[in-house]
Structure formats: C-alpha cells, structure tokens
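If you want the building blocks of each chain, they are given just below.
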Amino acid sequence: MKNYWICLFIVFGLLQSSCQQPKEEKEFDPWDGLQSVLDQIVAPEFEDREFLIGDFGAKEGGEFLNTEAIKNAIKACNEAGGGKVIVPKGTYLTGAVHLLSNVNLHLEEGATLLFSDNPEDYLPLVHSRWEGMELMNYSPFIYANGQENIGLTGKGVLDGNSRIENWWYWCGARHYGWEEGKGTQTPARKLLHQMVADRVPLDERIFGEGHFLRPQFVQFYECKNILIQDITLLNSPMWNIHPILSENITVERVRVETLGPNNDGCNPEACKNVLIKDCYFDTGDDCIAIKSGRNEDGRDPGVASENIVIEGCTMKEGHGGVVIGSEISGGAKNIFAQNLVMSSPNLDRVLRIKTSSKRGGTVENVYMRNVKVGTYKEAAVRFNMFYEEEGDHIPTIRNIYVDNLEVEDGGKYAVMINAYESSPVENFVMTNTTINGVDQHFKTNHFKDVTFKNVKINGEASEGLVKTEE
C-alpha cells in the first residue's frame, strides 16, 4: 500500500509539472495566410450562350469601325442573361468597348481587336482615375463601371495601336515623339493635381479633348468578379490592366508586350482579393504596380489594396518587377508574391515600395519568396519614402519578408532604404538569399528591426545592414 501511494504521488507530480510547462509557441510564418486569401478569389462563370459580333454587323479587315456592332452584341448578351461575345479570327477595328454584367468578351485564337488611333472614338467622357486621381476623361479602350461577372478571355490579341505618332507623344517626352507645337499632358496633369488638392467635385474635373491625358488600356471601375485570361495586350497608350476599387479579380496567363511611356503591366488600385498568375510582362514601366490613390483621392476614401497574390509570372523589361506605389495614399497590405522569374539589364528593381510624405499611406505585410533573377540595374529591394513631392503625411513601411531570392548578376546595390528618421522601415526580414554581382551591398539610412538570415551578397555572409546616408 505504501508503494502504491508513492507511485500515485510521483504520477501526480509529473502531471502537475507537465501542466505547468509553457506551451512552445509556433514560429511565425507569413505564408500561413496565403490559402485563406486564395479561397476568397473565385473566377466568375458565364452562361453557355454565344453572340458573334458578325451577327451584329461587325466586319473584319481593320478598316471598318466596329464599335457599334460590338456594343450591340454586348448589350444583347447582357439582356439575355449573359454569356460570351465572340470575336472570331480576323482583325476588327474598334473604338471604346464597354463591358456589362455577366458578359465575357472572348477573342478566338487569330482574332485581333485593333483600337482606333482617333481620340474621338473614346468619347463620351467617363469616370476614371488617372495616376490615382479622379476625373472625367477619354474612355479607356476596354472599360466597365459598376458591373459584376465580367470576362476578357481567349487567345486573341488586343492591339492598342499606340506609337510615337499618336498616343505616346502626349507624355511630352521627345524620345516618345513629342516636339514643339504638339500637345502634351503637362498642363492638364498640373491642373488635375490642383483640383485634387482643392477637392474640386468630380463633375467639374472635365478633361478629354485638348488635355492630352492618355486613356488606360483596360480599366474596370467599382466592379466585382472579374476574369482576364489568356489575352495578349500590345501597344498600350498608358497603363495596361487597371482595376479600381474592384473585388475578386483573376488575371491569368495574360501576355503584355508594350514599351511605351507609363506602360505598366497590371495595376490593381484600391482592390481586394486579386490573383495575378502565370503572366508575362515586357513593359515600358513597372510590370506590376499595386496602388490605392494619390493624395486626397486616396486618403479621403481610405481604401487599401489588400489580399493580392502574384505567382508564376515572368518579368522582362520594366522599371520594377513587383512594385507598391507610388500612388499609395490609401495603403496596401497582405501582398504575396512567389515563384517569379525576372531578368533584364533594363529592369531596375525586383521589389520596390515607393511613396512620399505628400502621399502617405501604410504599406505592410508584403511577402516575397522563390524569385530567380538573372540581372537587374539598380537594387534587388528598394524602399523609398521620398518619391516626388514631400508633404505632411509621413508614410509607414513595415513587415516586409523576402525569402529565397537568387540573383546571378545584380546591379548597383542589393538593398536600398531611404526613409524618414521618424518613420524608419520596420521589420524587414531577408532569409535564404543569394545576390551576386552587385557594386555595393547597401545604400540605406533609417530602419528598425532588420533581420538577415542565411544571406550571401557577392559570396559574403551578411547578417545586417550598414547605415549609410542616402
């Protein structure tokens, strides 16, 4: 009996000791949240109805303007409850195309929509955003406002027909065709900035003819359930794919080839639940640039871009591969980028976050992993809080994780940081990374809680950043 009580006492003591042991906390893994984001992104499906644009009077050949025929086909499809509007093999000249709910504009292989170079074919003016600022402007080439369940699919081509002789020179740069006596966007851009600062009502921000603000290629404004799949975009006047204040967006297997001014590839702005997958970008500006409005037009609505997944993409030319900003006044959060390939001597940066104290905003929870880079020009990772104007809205950049980045032949720097002393870049973590061929490891100033683990730069182990003034 004595031995029994001794054993019982020992067992009780062990149990009590076990209960008092602190539970081991699981190490934070930022990628644990990826699947829950992906679960919220569901591509729309469309009714099994087909509407051939030829049945509505469309003619191929690239000379007959098919705007009205395409409009009537889209309207009929919408009124029937939805389906596919089919663009068959051939070249079809058109002006602005406006999509309606439950309509999938489908370009068959060998089909080309060739967009007119006449600005009058993009009237009347529509509600748009231009560089993050609200206005009434020329219609984007493909546009929708307040629609649900819309598609732009098929293995055909959208040819923006833009070049130095028409849309491109509007930017005002001589190397894009501008010369004395030609119109330029500069006065209108300045005026729009002032209107934003003065909070001028939208119905008084009238641009269009005579103002030379180029329309975007594809823009969906306040739409839900969007599918852009398999399409090739060529020769854009400005930004290529530009959803605004929209939700549940899939951009998949899209090819963007256009080297004009401000020819960003895909720019979700103040959007939620976005998947950009298996796409190819060869662009005249950023390949992917996440935005949320400029200055008052971003801060007043206060809508962040959030839950954005970028995976399996290839980036060639472009100012940056994955970029957040610069029109980021509404903020951005929960950005996942993985399994990417980049390489070009003209690709300036792999990951770039750019903002200013005129714009403000909080950029947080940005996660990048498994990126292979041949070469780049400036920096693998760059944070910049001094992009363009300064003001009274100090930005915040925090919680940036980069894992398994491999660079064969880097540019000037591995990492650049230019931040405010009062708002340093905070919690930047780089792990399992190899960057070769850079001229200088770091060019940085203000940062806090930086962690380097298993990072080699030019063959040397790096355990942290060295402060150097910008």
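Parameters and conventions
Residues numbered from 1 in each chain as written. Predicted model: local features only at pLDDT ≥ 70, side-chain atom pairs only at ≥ 80, totals over all residues. Heavy atoms only, no water. UniProt positions renumbered as here; feature names shortened; annotations may be inferred. Pairing = 2+ DSSP bridges. Helix = DSSP H or I, 4+ residues; strand = E, 2+ residues; numbered from the N terminus. Axes fitted to C-alpha atoms, helices over the stretch in contact; angles between N-to-C directions. Buried < 20%, exposed > 50% of the residue type's maximum accessible area, 1.4 Å probe, protein only. Expected span 1.5 Å × (residues − 1). Arc of directions from axis to C-beta. Contact = heavy atoms within 4.5 Å. Salt bridge = Lys/Arg side-chain N within 4 Å of Asp/Glu carboxyl O.

The name given to the protein chain in an unreviewed UniProt entry is Glycoside hydrolase family 28 protein, and the organism recorded there is Belliella alkalica. Among the UniProt annotations of the protein chain, the heading Sequence similarities (unreviewed entry) holds the following wording: "Belongs to the glycosyl hydrolase 28 family."

1. Let's talk about the sheet that holds strand β4 (residues 97–98)
Sheet architecture is open: four strands sit in the order β4-β9-β12-β15, paired in parallel fashion. Across the chains shown, the open sheet's two edge strands, defined by having one partner strand only, are β4 and β15 (241–244). With four bridges connecting them, strand β12 (residues 218–221) and β15 associate as parallel partners. For Tyr221, the partnering residue across the bridge sits in β15 and is Ile244.

2. Quick look at the sheet that holds strand β23 (residues 320–324)
Two pairing modes exist for strands in a sheet, parallel and antiparallel, and in both the strands are linked by backbone hydrogen bonds. Read across the sheet, six strands follow the order β20-β23-β25-β27-β29-β31 without closing on themselves; strand pairing throughout is parallel. Each edge of the sheet is formed by a strand with only one pairing partner; in this case those strands are β20 (288–290) and β31 (440–443). Taken pair by pair, the neighbouring strands of this sheet meet at an average axis angle of 10°, ignoring direction. Relative to β31, strand β29 (residues 413–418) is paired through three bridges, and the arrangement is parallel. For Met416, the partnering residue across the bridge sits in β31 and is Lys443.

3. Some points on the pairing of strand β21 (residues 305–311)
β21 sits mainly inside the fold: seven of its seven residues count as buried. As paired elements, strand β18 (residues 272–277) and β21 share five bridges and run parallel to each other. Opposite Leu275, over in β21, you have Val309 as the bridge partner. Where β21 and strand β24 (residues 332–342) come together, six bridges link them in parallel fashion. By the bridge assignment for β24, Ser305 is matched with Ala332.

4. Here we look at helix α3 (residues 67–79)
The end-to-end C-alpha distance of α3, which contains 13 residues, comes to 18 Å, matching closely the 18 Å that a straight helix rising 1.5 Å per residue would cover. When α3 is considered as a whole, its buried residues turn out to be Ala69, Ile70, Ala73, Ile74 and Cys77. Looking down the long axis of α3, one finds its buried residues gathered within 135° of arc, a one-sided arrangement. Exposed residues on α3 whose side chains face more than 90 degrees from its buried face are Lys71 and Glu79. For α3, the secondary structure elements touched by its buried residues are β1 (50–52), β2 (83–87), β3 (90–94), β4, β5 (103–107) and β6 (111–115). Among the residues trailing α3, Gly81 stands out with phi positive, at a value near 105°.

5. Structural notes on the pattern of salt bridges
Counted by the stated rule, this structure contains 25 salt bridges. Residue Arg189 pairs with Glu131 through a salt bridge whose shortest N-O separation is 2.8 Å. Taken together, the residues Arg189 in helix α4 (residues 186–197) and Glu131 in the loop between β7 (126–130) and β8 (133–137) connect sequence positions 58 residues apart. Arg174 is the partner of Glu180 in a salt bridge, and the nearest nitrogen-oxygen pair spans 3.4 Å. Overall, the relative accessible area of 61% leaves Glu180 in the exposed class.

6. Overview of the side chain of Arg349
Among the secondary structure elements, Arg349 is positioned in strand β25 (residues 349–354). Overall, Arg349 belongs to the buried group, its relative accessible area being 9%. If near-sequence neighbours (up to four positions away) are discounted, Arg349 is found in contact with His319, Gly320, Gly321, Glu378, Ala379, Ala380 and Arg382.

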